[in-house]
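Residue-level listing of the chains:
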Amino acid sequence: MVSTMTANERQAALVISILAAIVGLAMAAAGRHDPLGVHGAMVLLTGLMCAFWVIRDYYKPEPPATRLAAYYDEPIKAGILLALLWAAIGMFFGDWVAWLLAYPEMTFDAAWSSFGRMRPIHTTGVIFGFGGNALIATSFHVMQRTSRARLADQFTPWFVLVGYNLFCAMAVSGYLMGVTQSKEYAEPEWYADIWLVVVWIAYFALYLRTLARRREPHIYVANWYYLAFILVVAMLHIVNNLALPVSWAGAKSYSLFSGVQDAMVQWWYGHNAVAFFLTAGFLGMLYYYLPKRAGRPIYSYRMSIVGFWGITFFYVWVGSHHLHYTALPQWVQTLGMTFSVMLLIPSWIAAANALLTLNGAWHKVRDDATLRFMMVAAVFYGLSTFEGSFLAIRPVNSLSHYTDWTVAHVHAGTLGWNSMIIFGAIYYLVPQLWKRAHMYSPALVEFHFWSAIAGTFIYVFAMWNSGITQGLMWRAYNPNGTLAYSFLDTVIAMHPYYIARAFGGLLFLIGTLAGIYNVWRTIQAAPARTPQSDQPILAVAQQAGS
Amino acid sequence: MTSPSHETLTLFAQSWGLFYLIVLSLGVLVYTFWPKNRARFDRAKNSIMNDENGPWA
């Protein structure tokens, strides 16, 4: 990593690592026994480790100028491996809390292992750890390929990757110690939030600087989606995390908002995290990797543009559908509901565009598990956006809200759409980036595919059943006009579904572990002959001439 | 300084919000279907199919 940097970049890396170590030391000294102190120690260690890495290779020869004729793929490789590591962690904790819901005695009477602390480890681990690293890695790949330009420099990508993962590590370790802002998907406290803003601005600037070097006249649509993801997530993150720390020496802070305004800001953030983190960025992935793997350009470029603006401008209004039947003014609820229903149009434009691209290449989908991952992702994207629009309708929401139906909906999206498209992209990228002819075991890719599909179906069907049962039991009255079931009755009714859900999650986790093993063995395997499509343009021309 | 009332703000949001979203969607449709843009879009969607040859030096 350091040997690919120029002397100036090594200097910058060293200075920033030392600065980080000093900040970490100050945090540790000020925080003492507060969780802030522990996080200060983590920052200090990270800074020292990075400084050590830089110093070790500081006087190695600089990379030759010929590097500029090649894409900069090292940070992409690191990002993929980090994404896979977080996938294992996040899904392991996910399945643990799933079993915990079926067998609550599994907390072993420890505070750190309670549901309230482990559930955010799962959500942060899979959304920000797995999804975020996959988004960063694929964006580095897509921005270079579609621009025909190398990344703008060799330092910023590493700053973004290390900084982002430091944020994720602070978040997850904080939950174990009980640190939380009590805002769903925005749990990390003020100092971690400020750090993420710094990293995010560097990421955005890197993207723009790379696009500015592009040789293609038009910016390919996948980049628009990635940019919307980066820009809007910055906006959401900053506004929702506006807070006042109790002291500079402690982790605790209080939000600037209160009451129903706080709820509205939180769900404006919460749903747009789904919209721009889990949708826009992932559509960027879909619009690049699906045409590439299928060997066919996207069905309609115009549809992708209309879909893009529809998604960006409808999504920002839908957050209030999380607050139906609350103190939020009725018209704001109605606004959220209306935009949610309208959102179905751009969502289905994207799903249809993907599937129509495959039309005529179904034999490839049959034979190639990697392309099948992407096809299934597009199908689940279509299904879960339909379900989302439906659940946002107020009377439907009165049945579904606070039940497991929501959990089914979210996991149809995250397992069926987000994870499938990431794994498709990873199986496409790994042989190409590490210059192997193919994955170590194509059979294992098939195994991963089917175990992920089976896991997703078991999970989603179990939660649909559980959620609708739960919702109907909560609203059932007996002839006397009182509630027919106690809360405990509903918990007992849900128990078998919870076991089924935990089993489905286990299948999905096993598939992921098989995928990680496969990727690892592929990297270990001897490099194959460089694939034709991977050669520099000069070599191809020479071959054609000879 | 008195802050504007809830009604004033919602009136503004509900009228101008509608107006600018309609203008914006018309703008997007015009851009998307403008005949001259067709060549750019066709080039963009096809050019990604062959982008592994490295950055153009």
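Rules and cut-offs
- Residues numbered from 1 in each chain as written.
- Chains lettered and ligands numbered in written order.
- Predicted model: local features only at pLDDT ≥ 70, side-chain atom pairs only at ≥ 80, totals over all residues.
- Helix = DSSP H or I, 4+ residues; strand = E, 2+ residues; numbered from the N terminus.
- Rg over C-alpha atoms; globule rule 2.2 N^0.38 Å.
- Buried ≥ 20, exposed ≤ 12 C-beta atoms within 10 Å, placed from the backbone.
- pLDDT = per-residue confidence, 0-100.
- Domains from an automatic or database assignment.
- Contact = placed C-beta atoms within 7 Å.
- Nonpolar A, V, L, I, M, F, W, Y, C, P; charged D, E, K, R; others polar.
- Expected span 1.5 Å × (residues − 1).
- Core = buried A, V, L, I, M, F, W, Y, C linked by C-beta atoms within 7 Å.
- Bend = angle between axes of the 7 residues up to and from the residue.
- Axes fitted to C-alpha atoms, helices over the stretch in contact; angles between N-to-C directions.
- Parallel < 35°, antiparallel > 145°, perpendicular 65-115°, else oblique.
- Left-handed = near helix turned anticlockwise from the far one by under 90°.

Engineer: Any chance you could break down the overall build of chain A for me, citing the residues and the numbers?
Structural biologist: Of regular secondary structure, chain A possesses 18 helices and 2 strands. Computed over the C-alpha atoms, the radius of gyration of chain A is 24 Å, within 12% of the 24 Å expected from 2.2 N^0.38 for a compact globule of 546 residues. Oriented by its inertia axes, the alpha-carbon framework of chain A measures out at about 90 × 65 × 45 Å. Taking all 546 residues of chain A together, 50% fall into the buried category.

Engineer: Help me get a handle on the overall build of chain B, residues and values and all.
Structural biologist: When you go through chain B residue by residue, the secondary structure sums to 2 helices and 0 strands. Computed over the C-alpha atoms, the radius of gyration of chain B is 22 Å, more than 25% above the 10 Å expected from 2.2 N^0.38 for a compact globule of 57 residues. C-alpha extents for chain B along the principal axes are approximately 65 × 25 × 15 Å. The buried share of chain B, reckoned over its 57 residues, is 12%.

Engineer: How would you summarise the confidence of the model for chain B if you had to cite specific residues and measurements?
Structural biologist: Scored by pLDDT, chain B has a mean of 87; 95% of the residues are at 70 or more. Taken over the whole predicted complex, pTM reads 0.94, whereas the ipTM for its chain interfaces reads 0.89.

Engineer: Provide a residue-level description of the domain arrangement of chain A, including the pertinent values.
Structural biologist: All names here are of chain A. The domain boundaries assigned to chain A delineate domain 1 (1–63) and domain 2 (73–107 + 114–545). Listed by partner, the interface residues are 20 residues for domain 1 and 19 residues for domain 2. For the side of domain 1 that touches domain 2, the elements supplying multiple residues, two or more each, are helix H1 (7–31) and helix H2 (35–56). The element contributing the most residues to the side of domain 1 that touches domain 2 is H2, with 8 residues. The residue makeup of the side of domain 1 that touches domain 2, split by class, is 13 nonpolar, 5 polar and 2 charged.

Engineer: Residues and numbers for H2 of chain A, please.
Structural biologist: All names here are of chain A. With 22 residues, H2 extends 32 Å from end C-alpha to end C-alpha; this agrees with the ideal 32 Å at 1.5 Å per step. Turning to H2, its buried residues number three or more, namely Leu 36, Val 38, His 39, Gly 40, Val 43, Leu 44, Thr 46, Gly 47, Cys 50 and Val 54. The secondary structure elements touched by the buried residues of H2 are H1, helix H5 (156–176) and helix H6 (190–212).

Engineer: Which residues make up the nonpolar core, and what are the values?
Structural biologist: Generally speaking, soluble globular proteins have nonpolar side chains that are buried together. Residue and element names in this part refer to chain A. By size, the foremost hydrophobic cluster in this structure holds 165 residues, and its most contacted members are Tyr 225, Phe 229, Leu 286, Met 374, Ala 377 and Ile 421. Residue contributions to this core peak at 21 residues, all from helix H8 (residues 259–294). Viewed by domain, this core spans two of them, domain 1 (1–63) and domain 2 (73–107 + 114–545), each represented by three or more residues. The residues touching Leu 286, leaving out its near neighbours within four places in the chain, are Ala 354, Met 374, Ala 377, Ala 378 and Ile 421.

Engineer: How would you explain helix H4 (residues 115–147) of chain A if you had to name every residue and give the values?
Structural biologist: All names here are of chain A. Its 33 residues give H4 an end-to-end C-alpha distance of 45 Å, which sits within 8% of 48 Å, the value for a rise of 1.5 Å per residue. Of all the bends in H4, the greatest, near 30 degrees, is centred on Gly 125. Most of H4 is tucked away: 30 of the 33 residues are buried. Immediately downstream of H4, the backbone of Arg 148 shows phi near 50 degrees, a positive value.

Engineer: Give a detailed account of the interface of chain B and chain A, specifying residues and quantitative values.
Structural biologist: In this assembly, 21 residues from chain B lie in contact with 30 residues from chain A. Counting only elements with at least two residues in the side of chain B that touches chain A, the list comes to helix H1 (6–33) and helix H2 (38–47) of chain B. Broken down by element, the residue count for the side of chain B that touches chain A peaks at 7 residues, all from H2 of chain B. Tallied by class, residues from the side of chain B that touches chain A come to 11 nonpolar, 5 polar and 5 charged.

Engineer: Could you give an account of unusual backbone geometry, naming the residues involved and the relevant values?
Structural biologist: All names here are of chain A. In this structure, Phe 108 is a non-glycine residue whose phi angle is positive, near 55 degrees. With respect to the helices, strands and loops of the structure, Phe 108 is situated in the loop between helix H3 (74–102) and H4. The exposure class of Phe 108 is exposed, given the 8 C-beta atoms found within 10 Å. Of note in the backbone geometry, Arg 148 takes a positive phi value of approximately 50 degrees without being a glycine. Tracing the chain through its elements places Arg 148 in the loop between H4 and H5. For Arg 148, a count of 19 C-beta atoms within 10 Å translates into the label partly exposed.

Engineer: Lay out the environment of Leu 278 of chain A in plain terms, naming residues and giving numbers.
Structural biologist: Residues and elements named next belong to chain A. As for its position among the elements, Leu 278 is in helix H8. For Leu 278 and Gly 131, which are 147 residues apart along the polypeptide, the C-alpha to C-alpha distance reads 7.6 Å. Excluding residues within four positions of it along the chain, Leu 278 makes contact with Ile 127, Gly 131, Gly 413, Thr 414 and Asn 418.

Engineer: Residue-level account of the packing of H4 of chain A against H6 of chain A, with values.
Structural biologist: Residues and elements named next belong to chain A. Where H4 contacts H6, the axes come no closer than 9 Å and their chain directions differ by 15 degrees. Classified by the interaxial angle, the pair formed by H4 and H6 is roughly parallel. Judged by the sense of rotation from one axis to the other, the crossing of H4 with H6 is right-handed. Between H4 and H6, the residues in contact are Ser 139, Met 143, Gln 144 and Ser 147 and Tyr 207, Thr 210 and Leu 211, respectively.

Engineer: Go over the environment of Thr 385 of chain A, please, and point to the residues and values.
Structural biologist: Residue and element names in this part refer to chain A. Here Thr 385 is to be found in helix H13 (residues 369–391). Remark: the alpha-carbon pair of Thr 385 and Trp 348, spanning 37 residues in sequence, is separated by 7.8 Å. Apart from residues no more than four positions distant in its own chain, Thr 385 is found in contact with Leu 344, Ser 347 and Trp 348.

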